[in-house]
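An overview of the molecular structure
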Amino acid sequence: MKRRVGILISGGGSNMVALVKSMTGDHPARPVLVVSNDPEASGLEKARALGVATAVVDHRLFGKDRADFEAELDRVLREAGVEIVCLAGFMRILTPEFTRKWAGRMLNIHPSLLPLYKGLHTHARALEAGDGEHGCSVHEVTAELDGGPILGQARIAIDAGDTAQSLAVRLLPMEHALYPAVLRRYAADDRTPVFLSEGISAVS
Ligand code: GRF
């Protein structure tokens, strides 16, 4: 029986596209729903073009009430029979209540080598720190923002002349390789971490 995956987006959804395209053949999971908190997210049309059902739970309609927003999000996911949630460019911070409900069944991709640079502006912070390398991490989502168990990482070198923009551009394809590789194992209940490096994919 294939595991039913729901993907939460807020924008372009390039990671969502990579995940959806990866779930074919003997992959143990299938995408059943893409949900955006922003009705204008261009990722919604991409999901529909790939034949995946979509939904919008517009956080602005719930004002400051995170609980009501998350209750609707939870309802939509459960109604679709979602078993694993993948946050992919989802820009809303989830409350501990929601993360507890989906504990052990929810993943996120974060554009840094966690535990470094939790939160925003990760590329600029790595540059400012003078780091020699940067990367992205896929982790289980817990109540601590960007703090759950790490399931995979991809590394890129920071080259002289790199900017936050050039790092983001070079990192995105690594994200598109890492997230599907981690989800494939996660959906098969295999927690062996995935490690990729720019130029070589040492999937261990
Ligand atoms: C990516 O950098 C990802 O790491 C972060 O959001 C950015 C956009 O992702 N979570 P996507 O193109 O919307 O998947």
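Our subject in this report is the structure included herewith. Just so it is clear, the model here is predicted, and its values are computed rather than measured. (Residues numbered from 1 in each chain as written. Predicted model: local features only at pLDDT ≥ 70, side-chain atom pairs only at ≥ 80, totals over all residues. Heavy atoms only, no water.)

Some words on the pairing of strand β1 (residues 3–9)
Of all seven residues making up β1, five are buried, and the element is well covered by its neighbours. Of the strand pairs in this sheet, β1 and strand β2 (residues 29–36) are connected by seven bridges, and their pairing is parallel. Opposite Arg4, over in β2, you have Arg30 as the bridge partner. Remark: the β1/helix α1 (residues 14–22)/β2 crossover connection has right-handed handedness. For β1 and strand β4 (residues 84–87), the ladder comprises four bridges, and the chain directions are parallel. From the neighbouring strand, Val5 faces β4, where its bridge partner is Ile84. (Buried < 20%, exposed > 50% of the residue type's maximum accessible area, 1.4 Å probe, protein only. Helix = DSSP H or I, 4+ residues; strand = E, 2+ residues; numbered from the N terminus. Pairing = 2+ DSSP bridges. Right-handed = clockwise from strand over helix to strand, strands pointing away.)

Observations regarding α1
Buried residues dominate α1, accounting for seven of its nine residues. Among all positions in α1, only Asn15, Met16, Val17, Ala18, Leu19, Val20 and Ser22 are buried. Residues of α1 that are buried make contact with β1, β2, α2 (43–49), β4, β5 (106–110) and α6 (164–187). (Contact = heavy atoms within 4.5 Å.)

Some points on the site of the ligand
Around the ligand, the surrounding shell consists of Gly12, Gly13, Ser14, Asn15, Gly89, Ile109, Pro111, Leu172 and Glu175. Within the backbone of Ile109, an N or O atom sits 3.4 Å from a nitrogen atom of the ligand. Take Glu175: an N or O atom from its side chain is 2.7 Å from an oxygen atom of the ligand. Burial of the ligand by the surrounding chains reaches 77%, relative to a free accessible area of 370 Å². Of all the secondary structure elements, the ones that give two or more residues to the shell around the ligand are α1 and α6. (Near = heavy atom within 4 Å. Polar contact = N/O pair within 3.5 Å; in protein donor to acceptor, adjacent residues only side chain to side chain. Areas by Shrake-Rupley, 256 points an atom, 1.4 Å probe, with all protein chains shown as cover.)

Keep in mind that these numbers describe shape and distance, not what the molecule does.
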